[in-house]
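Observations on the model geometry
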Amino acid sequence: MPIIEILGLEKTYTTGLFRRQRKHALHAFSLEVYAGEVFGFLGPNGAGKSTTIKLLMGLAFPSSGSARILGMRIGDPQVRSQLGFLPEQPYFYDHLTARELLEYYAQLSGMEAKGRARRICEVLQRVGLDGAAETALRKFSKGMLQRVGLAQAILHNPRVLFLDEPMSGLDPLGRREIRLLIEELKAEGKTVFFSTHILADAEALCDRVAVLHAGRLRGVGAVCDLIGDAGRVELVWRGRNLVAMRPLLQETHISGELVRGVVLQAAQEQALEILRCASVPLVSLTPVRTSLEEYYLRQTKLEAQPQEVRA
Amino acid sequence: MTVLTIARSTFREAVRDRVLYSPAVFAVLMTGAAVLVGQVSIGIERLVVINLGLAATTFFGVIVAILVGIGLVAKEIQKRTLYTVLSRPVARWQFVAGKFVGLAGTLAINGGLMGLGLLAALRYVSPGFSGADVWVLVAVYFILLQLLMVCALALLFSTFSSPLLAGVFSFALFVLGNFAGELREAAQGGVGWTHHLAVGAAYLMPNFSAFSVAAGVAHGESIASLLIWHNSIYAVTYTGLVLCAAILAFEWRELQ
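Rules behind the numbers
Residues numbered from 1 in each chain as written. Chains lettered and ligands numbered in written order. Predicted model: local features only at pLDDT ≥ 70, side-chain atom pairs only at ≥ 80, totals over all residues. Helix = DSSP H or I, 4+ residues; strand = E, 2+ residues; numbered from the N terminus. Rg over C-alpha atoms; globule rule 2.2 N^0.38 Å. Buried ≥ 20, exposed ≤ 12 C-beta atoms within 10 Å, placed from the backbone. Contact = placed C-beta atoms within 7 Å. pLDDT = per-residue confidence, 0-100. Pairing = 2+ DSSP bridges. Axes fitted to C-alpha atoms, helices over the stretch in contact; angles between N-to-C directions. Core = buried A, V, L, I, M, F, W, Y, C linked by C-beta atoms within 7 Å. Parallel < 35°, antiparallel > 145°, perpendicular 65-115°, else oblique. Left-handed = near helix turned anticlockwise from the far one by under 90°. Nonpolar A, V, L, I, M, F, W, Y, C, P; charged D, E, K, R; others polar.

**As for the overall build of chain B**
Helix and strand content of chain B: 11 helices and zero strands. Ordered by position from the N terminus, the helices and strands of chain B form the series α-α-α-α-α-α-α-α-α-α-α. Here the C-alpha radius of gyration of chain B, 20 Å, is about what a compact globule of 256 residues would show, namely 18 Å. When its C-alpha atoms are laid out on the principal axes, chain B stretches across 60 × 55 × 30 Å. Taken over 256 residues, chain B has a buried fraction of 44%. Contacts in chain B between residues at least 24 apart in sequence constitute 84% of all its contacts with a sequence separation of at least 6.

Spelled out as structure tokens, the structure:
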């Protein structure tokens, strides 16, 4: 049984002075996320990722369609005790300290008083904020706020986590720590649904991804399937660039005494024969795989606007 | 339990935002006024201090009720602090009710401290406890009831408009509500459906004019127990209805 089940979910906003203009934030789409998966929701800014998450969290209402989480309808208070949510660019009550904020959320989540303080210490330590537990949030940096956001999301030990751009605002070290945290959560059996436009994170973490563009679902699948065989191989040899090789090469790059060339898989044997005849030592032969970035660009047709993609 | 948790948090936020500084400003004002009045007026010190004290309590109280009241929901939406609250097992009505209870507590403490400040100033200008002081306390109680209504109105407006508009609407209704008696009389003059419309609109306005007892109390007049009951029931009913409207508006509100 899927943990998250989206059935024809659609969101339309009315805009303009008399609310006569309709804007499709999300076109009807269906999707299933299974237990224990890390599911990446990819798309450029304004694609509808945050809107989808808000619909799933019951913060906005769908124009049509429905969704179920853990078999219960969205908005059911019972299901919400099983969910953790990190909004995009989170902002918290800045008059509170990190510990006070988590205490407040723990009470709202219905956590029992016994063991609450210990759990708060645990999660603060887990996100690397144990040294800032008594600091008012108004003094926190953007990265620290993101960490507090993650702490409140995992505080009540939820089964499903919705993380909206969790790496946003973090430095490389912070991003790595969050990646490790998500891997730990997966190892604990949690289902993680996270949105991002940082493809390297999605490729490193996700079991499956969905690509959303302009409110339309463009593709869903396992990362290993999407970044499949590209029908090309990469050869690296030591020595010079061979004239006989040139007609076969699609790409060439020379670095010191190493030559890297990409040829079609069909021309692989011919290329190897040329190297053998010239007695050039072969260093490596590797199949070229399509990257998630290439798949993403194909789906979103954004080749003309590469600034949207931060891989 | 959830309502109380949110109420406690709202109260703590108000305290840390230095909302309770207004009684301190009030205390300074009243001390200064009492000393000054004691020197410049003969025989009417008590009247001046009561009038000034009740007017200042109303002014500071309304400012606090509106400023904090409009922030209860509108600012939470604007700053998106609401997202992580409503993604938990918290119903929207619990959020609105908790916010209101928290602010009502803040206003009660605020108003209570100002009432004590007023009594202290009265002791300065007329030593010894007077039986008429009870009516001063009842007048402060009436102000607190008005603040509850203003707070509920600010909360209602903040569920569907920006903080600025919610503030303007709330203050406008406070001013209009002080002329509710006149509005109701004027509404009787219409004919046909305009009469019903005007009467309906006039009765929708909060009737703050019924709570204006400052002039009588300053002259040592007593307040009828019937009026105390009437105003208490009216304020609780009006506040309850406005809160229900706020909850309904918030239930339908999309968070974008």
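**With respect to the overall build of chain A**
Within chain A, the secondary structure is distributed over 10 helices and 14 strands. Each of the three principal axes of chain A carries a C-alpha extent, and together these read 75 × 50 × 40 Å. Sequence separation of 24 or more characterises 69% of the internal contacts of chain A that already satisfy a separation of 6 or more.

**Some details on the confidence of the model for chain A**
Per-residue pLDDT for chain A averages 85, and the proportion of residues at 70 or more is 95%. Within the model, pLDDT remains below 50 along residues 303–311 of chain A, and this stretch shows 13 contacts once partners closer than five positions in the same chain are excluded.

**A short note on the environment of Pro158(A)**
Residues and elements named next belong to chain A. Considering the arrangement of structural elements, one finds Pro-158 in the loop between α5 (142–154) and β7 (160–164). The spatial distance from the C-alpha of Pro-158 to the C-alpha of Leu-83 is 5.0 Å, given a sequence separation of 75 residues. Not counting residues within four places of it along the chain, the set of residues in contact with Pro-158 comprises Gln-82, Leu-83 and Gly-84.

**A look at the sheet that holds strand β1 (residues 4–15) of chain A**
Across the sheet, which stays open at both edges, the four strands sit in the order β2-β1-β4-β5 (chain A) with antiparallel pairing between neighbours. Looking at the sheet topology across the chains shown, the edges are occupied by β2 (21–33) and β5 (72–73) of chain A.

**Things to note about the sheet that holds strand β8 (residues 191–196) of chain A**
All names here are of chain A. With respect to topology, six strands assemble into an open sheet ordered β6-β7-β8-β3-β9-β10, the strand pairing being mixed. Each end of this open sheet is capped by a strand with a single partner; those strands are β6 (83–86) and β10 (216–222). Strand after strand, the sheet turns through a mean of 15° between neighbouring axes, direction not considered. Relative to strand β9 (residues 208–213), strand β3 (residues 38–42) runs parallel, the two being bridged by four bridges. Across the sheet, residue Leu-42 finds its bridge partner in β9, namely Val-211.

**Quick notes on the nonpolar core**
Ranked by size, the top nonpolar core spans 143 residues in total, and within it Cys151(B) and Ala152(B) carry the most contacts. Broken down by element, the residue count for this core peaks at 18 residues, all from helix α6 (residues 133–158) of chain B. If sequence neighbours within four positions are ignored, Cys151(B) has contacts with Ala65(B), Gly69(B), Phe100(B), Leu103(B), Ala104(B) and Leu107(B). If you look at the next biggest cluster of nonpolar residues, it comprises seven residues, including Val233(A), Leu235(A), Trp237(A) and Val263(A).

**Considering the pairing of β8(A)**
All names here are of chain A. Counting buried positions along β8 gives six out of six residues, so the element sits mostly inside the fold. With burial as the criterion, each face of β8 is covered, one bearing Thr-191, Phe-193 and Ser-195 and the other bearing Val-192, Phe-194 and Thr-196. The sheet contact formed by β3 and β8 spans five bridges and is parallel. Paired with Val-38 across the bridge in β8 is Val-192. Inspection of the sheet shows β7 paired to β8 by five bridges, in the parallel sense. Looking at the pairing, Leu-163 lines up with Phe-194 of β8.

**Description of the packing of helix α3 (residues 45–79) of chain B against α6(B)**
Residues and elements named next belong to chain B. Across the interface, α3 lies against α6 with an axial gap of 8 Å and an inter-helix angle of 25°. Of the possible angle classes, the one that applies to α3 and α6 is roughly parallel. As for how α3 packs across α6, the hand of that crossing is right-handed.

**Some thoughts on the packing of helix α1 (residues 2–16) of chain B against helix α5 (residues 92–125) of chain B**
Residue and element names in this part refer to chain B. Running from N to C, α1 and α5 cross one another at 45°; their axes reach a closest spacing of 7 Å. By the angle between their directions, the pair α1 and α5 is classed as oblique. Crossing of α1 over α5 shows right-handed handedness. Contact with α1, carried on its side by Thr-2, Val-3, Thr-5, Ile-6, Ala-7, Arg-8, Ser-9, Thr-10, Phe-11 and Ala-14, involves Gln-94, Phe-95, Ala-97, Gly-98, Lys-99, Val-101, Gly-102, Leu-103, Gly-105 and Thr-106 of α5 and no other residues of that element. Across the contact of α1 with α5, the residue classes break down as nine nonpolar, nine polar and two charged.

**Focus: the environment of Lys139(A)**
Residue and element names in this part refer to chain A. The residue Lys-139 is located in the loop between α4 (116–126) and α5 in this model. A tally of 10 C-beta atoms within 10 Å means that Lys-139 is categorised as exposed. Between the C-alpha atoms of Lys-139 and Asp-94, which are 45 residues apart in sequence, the distance is 8.1 Å.

**Focus on the pairing of strand β13 (residues 258–264) of chain A**
Residue and element names in this part refer to chain A. Burial along β13 is one-sided: Val-259, Gly-261 and Val-263 are buried, and none of Leu-258, Arg-260, Val-262 and Leu-264, which face the opposite way, are. Note: strand β12 (residues 251–255) against β13, five bridges, orientation antiparallel. What sits directly across from Glu-251, in β13, is Val-262. Hairpin connection from β12 to β13: two residues lie between these consecutive antiparallel strands, with Gly-256 at a positive phi of about 65°.

**Structural notes on the interface of chain B and chain A**
Taken together, the 21 residues of chain B in the interface contact 23 residues of chain A. Counting residues per element, the ones that place at least two in the side of chain B that touches chain A are α1 and α4 (83–86) of chain B. The leading source of residues in the side of chain B that touches chain A is α1(B), at five residues. Here the residues of the side of chain B that touches chain A are counted per class, giving seven nonpolar, seven polar and seven charged.

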